[in-house]
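# Chains, contacts and geometry: an overview
Letter by letter, the chains look like this.
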Amino acid sequence: MEIGGFQKVTLLDFPTKIACIVFTKGCNFKCPYCQNGSLVLNTEDGDLIDLEEIFSYLEKRKKVLDGVCISGGEPLIQKNIKELLIKIKSMGFLVKLDTNGTNPITLKELIDLKLVDYVAMDIKNSFSKYDITVGGVNPFVENIKKSIEILEETNIPHEFRTTIVKELHTINDILEIGKMFCPKTKYYLQNYEESDNVIKKGMHGFSSLELEKIKNSLKKIMPNLIIRGI
Ligand code: SF4
């Protein structure tokens, strides 16, 4: 298990829960707008966080924290993800998983074993624009479709979400994404903001006015669409 980051508390990432975040290292995508560039690109063993330290922190926070968010990088490329979740669940915590949906077999296994309580899956773009959005050829289209199907067919609470970038996303792309799942499913748009840790600088988010326009154009067709931050 390669853990590259740990955030002790979050009130924002696990809906209605107080949680911490474990960031796994490495990803099978290289999205240019990725906010965790150092986790994704730096796959040297150097600065890994010792899991025992995290377990010891969790042991002391059982009465304060409801859950643990497993984020990344892409958590489902980690070999021992199942064992990690078994340990966290055995300590009594709820688990939220962030994933890019490229590994439906592991996703299904973790859901079937009741090792996850909430899943947030990124849908990066309409499938015709996935390659430019994830920084290279995307060989995972069928896997991503399968992961969407798994989340929609199981009772696991879940959301889909897209980070929108001016250079990569249009209203039509968002409409295409909306056709991939049931209109009742929670779907979040997150506006891109550049930070020092992004993989490629020079991309832009939308202005508040543009976000309002997107929201108004889509609200009848996608009633469950929420734009975070407006
Ligand atoms: S945004 Fe997510 S899927 Fe894309 S490179 Fe970063 S961690 Fe991987």
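Coordinates for the structure precede this section.
No experiment lies behind these values; they were computed from the predicted model shown.

### A short note on a nonpolar patch on the surface
A surface patch of nonpolar side chains, about 430 Å² in accessible area, is lined by Val9, Leu11, Leu12 and Ile18. Mapping isoleucine 18 onto the fold places it in the loop between strand E1 (3-10) and strand E2 (19-24). On the basis of relative accessibility, which here comes to 32%, the residue isoleucine 18 falls in the partly exposed class.

### Quick notes on the site of the ligand
Around the ligand lies a shell formed by Cys27, Phe29, Lys30, Cys31, Cys34, Val40, Gly73, Asn100 and Lys124. When its residues are assigned to classes, the shell around the ligand shows 5 nonpolar, 2 polar and 2 charged.

### Some words on unusual backbone geometry
Residue glycine 73 follows glycine 72 across a cis peptide bond; omega there is 10°. When you line up the elements, glycine 73 lands in the loop between strand E3 (67-71) and helix H3 (81-90). A positive phi is found at threonine 16, a non-glycine position, where the angle reads about 65°. Mapping threonine 16 onto the fold places it in the loop between E1 and E2.

### Some remarks on helix H6 (residues 141-153)
With 13 residues, H6 ought to run about 18 Å at 1.5 Å a step, and its terminal C-alpha atoms sit 18 Å apart, in line with that. What H6 keeps buried is the set Ile144, Ser147, Ile148, Ile150 and Leu151. Here the buried residues of H6 occupy an arc of 160° about the axis, which is enough to place them on one side. The outward face of H6, more than 90 degrees from its buried face, is lined by the exposed residues Glu142 and Glu153. Against helix H4 (104-112), strand E5 (118-122), helix H5 (130-134) and strand E6 (158-164) lie the buried residues of H6.

### Re the sheet that holds strand E4 (residues 94-99)
Reading across from one edge, E1-E2-E3-E4-E5-E6-E7-E8 is the order of the 8 strands in this open sheet, with mixed pairing throughout. Every other strand in the sheet has two partners, leaving E1 and strand E8 (225-228) as the edge strands with one partner each. Recorded for the sheet is a direction-independent mean angle of 20° between the axes of neighbouring strands. Across 4 bridges, E3 lies against E4 in parallel orientation. Bridging across to E4, valine 68 finds its partner in valine 95. Set on the sheet, helix H2 (residues 51-60) makes contact with E1, E2 and E3; between it and E1 the angle comes to about 15°. Packed on one face of the sheet, H3 meets E3 and E4 and runs near 165° to E3.

### Describing the pattern of salt bridges
As enumerated under the stated definition, the model contains 15 salt bridges in all. A salt bridge links aspartate 98 to lysine 96; the nearest nitrogen and oxygen atoms lie 2.8 Å apart. Per residue, the accessibility class of aspartate 98 equals that of lysine 96, and both read buried. With its nearest N and O atoms 2.7 Å apart, the salt bridge here joins aspartate 122 to arginine 161. Placement of aspartate 122 in strand E5 and of arginine 161 in strand E6 is noted, with a sequence separation of 39 residues between them. For arginine 161, a relative accessible area of 12% puts it in the buried group. The structure contains a network of salt bridges with shared partners spanning Lys96, Asp98, Asp122, Lys124 and Arg161.

Criteria and thresholds
Residues numbered from 1 in each chain as written. Predicted model: local features only at pLDDT ≥ 70, side-chain atom pairs only at ≥ 80, totals over all residues. Heavy atoms only, no water. Patch = residues over 30% accessible without salt bridge, like charges linked within 9 Å, V, L, I, M, F, W, Y side chains within 5 Å. Areas by Shrake-Rupley, 256 points an atom, 1.4 Å probe, with all protein chains shown as cover. Salt bridge = Lys/Arg side-chain N within 4 Å of Asp/Glu carboxyl O. Helix = DSSP H or I, 4+ residues; strand = E, 2+ residues; numbered from the N terminus. Buried < 20%, exposed > 50% of the residue type's maximum accessible area, 1.4 Å probe, protein only. Near = heavy atom within 4 Å. Nonpolar A, V, L, I, M, F, W, Y, C, P; charged D, E, K, R; others polar. Expected span 1.5 Å × (residues − 1). Arc of directions from axis to C-beta. Contact = heavy atoms within 4.5 Å. Pairing = 2+ DSSP bridges. Axes fitted to C-alpha atoms, helices over the stretch in contact; angles between N-to-C directions.

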